[in-house]
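# Examination of the molecular architecture
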Amino acid sequence: HDVTGKIATGNFSVVFIGQSDLPSSIIRGREAAVLLRRLGIEAHFIPCADVCRTPAALSGPSSNGRGSPLPVVFVHIKKFCTCALGPFGTHVYDPVDAGTYRSSWVPSVYADGKASYKHMLQLGAEAIFSGTSAMKAHILDESAHLGMHTKGILLPHHHSNFHGRVHKLVERSGLLVGFAGDRTKDLAGPKKHLQECLVARGLKNVTVRRMSNLQCDWESALEPSRRGDCFAMRMALLDIGIVWTEGALNEAVFEQKPPQRLVNFLSVGIPVVAHAKYAGHREVAKHAGTCTALASNLDELCDGVASFAASAEKRREAAREALLVAATFSPDSIAKLYLKEFRSLLA
């Protein structure tokens, strides 16, 4: 009853653990800790390497003022930090998009094409965050099949527009369309096809760019809001955004990857055409109305972009709707989801 009382007042602590060789896991951990501290929760970020060098770093959670330690939740980001496993604490695994960029992390796939999260379940976490409903459902099914009781938690990504930058509709000679996916190597073909298709439809005033061509100094900006603001600055320069496929990925990654880039575009108030193969894109599109168009191939991509490009009124309406949809994925909204789920786990 003592522990339950502490949880009811939010009196617990959270430790986010990331990998020093994965800057994105450091940024996510720091962001999450800041957001929870805003809600009055004691939250910190610690690199896994520090835990392995000095296990005592996790051995003394804060006191509640009466000599009793606070319940503590450890959140392992992208890769599980086995050095952090100990006699106390509740452990949660947050794979984020771990299967997207490193082939060794990609979830395995069963013969029927369904994703397998067996390796995640066997890490020993009490819960696994999922960025899509499909991933959560498969985690719960597989956990039950393995006789385990791991909880699947749907936790969408918050958008990165911390400073509220918004695209300004201005009168100019042409429109700027941008592909998201800075490290993607397979965008040359889609970019060329789209540009040629738009010209063939008489939309010669549209320029198609890659996001990596819209530069700002973010590569060394590991402080969360600085990097997030950089992405918002890039995206706010565009009139239409595109979130396309990121290489030769298996079905599990299309199911797993959360729609962060899509909601980042929406957060600056611009319409988006997104690849329909991503489960996360489809989930956002259900609530996005006119501000998000899904496309399954390059011809449909051209249809979506052309539709937005041909009508300034449609872009204005989409911009208004985009900001409303993005509010669901605001940092504060996602922080409240963290708080709710952590309380539920500890209870």
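This report concerns the structure included in the present document. In this text the structure is predicted, and so the values were computed from the model without any measurement.

What follows deals with the nonpolar core. Leu194, Leu198, Phe265, Leu266, Leu301 and Val305 are the most contacted members of the largest nonpolar core, which totals 45 residues. Here the element with the most residues in this core is helix 12 (residues 298-309); it accounts for six residues. Ignoring any residue separated from it by four or fewer positions in sequence, one finds Leu194 in contact with Phe179, Val208, Ile242, Leu301, Cys302 and Val305. Within the second largest apolar cluster, 25 residues are counted, among which are Ala33, Ile41, Val92 and Leu345.

What follows deals with the sheet that holds strand 3 (residues 72-77). Spatial strand order, 2-1-3-4-7-8: six strands in an open sheet with parallel pairing. With one partner strand each, in any of the chains shown, strand 2 (42-47) and strand 8 (151-154) form the two edges of the open sheet. Direction aside, neighbouring strands of the sheet carry axes that sit 25 degrees apart on average. Sheet topology note: the strand 3/strand 4 (residues 90-94) ladder contains five bridges and is parallel. When the sheet's bridge partners are listed, Val75 is paired in strand 4 with Val92. The strands touched by helix 2 (residues 23-38) are strand 1 (13-18), strand 2, strand 3 and strand 4; relative to strand 2, the strand with the most contacts, the crossing angle is about 165 degrees. Sheet contacts for helix 14 (residues 331-346): strand 1, strand 3, strand 4, strand 7 (127-130) and strand 8; angle to strand 8, the most-contacted strand, approximately 165 degrees.

For strand 12 (residues 272-275) and strand 13 (residues 292-295), the ladder comprises four bridges, and the chain directions are parallel. Across the sheet, residue Val272 finds its bridge partner in strand 13, namely Thr292. After leaving strand 12, the chain enters helix 11 (residues 279-288) and then returns to the sheet as strand 13, a path that is right-handed.

Reading across from one edge, 10-9-11-12-13 is the order of the five strands in this open sheet, with parallel pairing throughout. Whereas interior strands pair on both sides, the edge strands pair on one side only; in this sheet they are strand 10 (206-210) and strand 13. Taking each pair of neighbouring strands and ignoring which way they run, the sheet shows an average axis angle of 20 degrees. Against the sheet, helix 10 (residues 260-267) contacts strand 9 (175-180), strand 11 (240-243), strand 12 and strand 13, and its axis sits at roughly 175 degrees relative to strand 11. Packed onto the sheet, helix 11 meets strand 11, strand 12 and strand 13 and runs at close to 140 degrees relative to strand 13.

Inspection of the entire model under this criterion finds six aromatic pairs. With 5.8 Å between their ring centres and 70 degrees between their planes, Phe129 and Tyr338 make a pair best called edge-to-face. Highlighted residues: Phe129 in strand 7 and Tyr338 in helix 14, separated in sequence by 209 residues. Since its relative accessible area comes to 2%, Phe129 is described here as buried. Accessibility expressed as a relative area gives 3% for Tyr338, which makes it buried. Between Phe129 and Phe342, the aromatic rings sit 6.2 Å apart at their centres with planes inclined by 35 degrees, giving tilted as the arrangement.

The rules behind these values
Residues numbered from 1 in each chain as written. Predicted model: local features only at pLDDT ≥ 70, side-chain atom pairs only at ≥ 80, totals over all residues. Heavy atoms only, no water. Core = buried A, V, L, I, M, F, W, Y, C linked by side-chain atoms within 4.5 Å. Buried < 20%, exposed > 50% of the residue type's maximum accessible area, 1.4 Å probe, protein only. Helix = DSSP H or I, 4+ residues; strand = E, 2+ residues; numbered from the N terminus. Contact = heavy atoms within 4.5 Å. Pairing = 2+ DSSP bridges. Axes fitted to C-alpha atoms, helices over the stretch in contact; angles between N-to-C directions. Right-handed = clockwise from strand over helix to strand, strands pointing away. Phe/Tyr/Trp six-rings, centres within 6.5 Å; stacked < 30°, edge-to-face > 60°.

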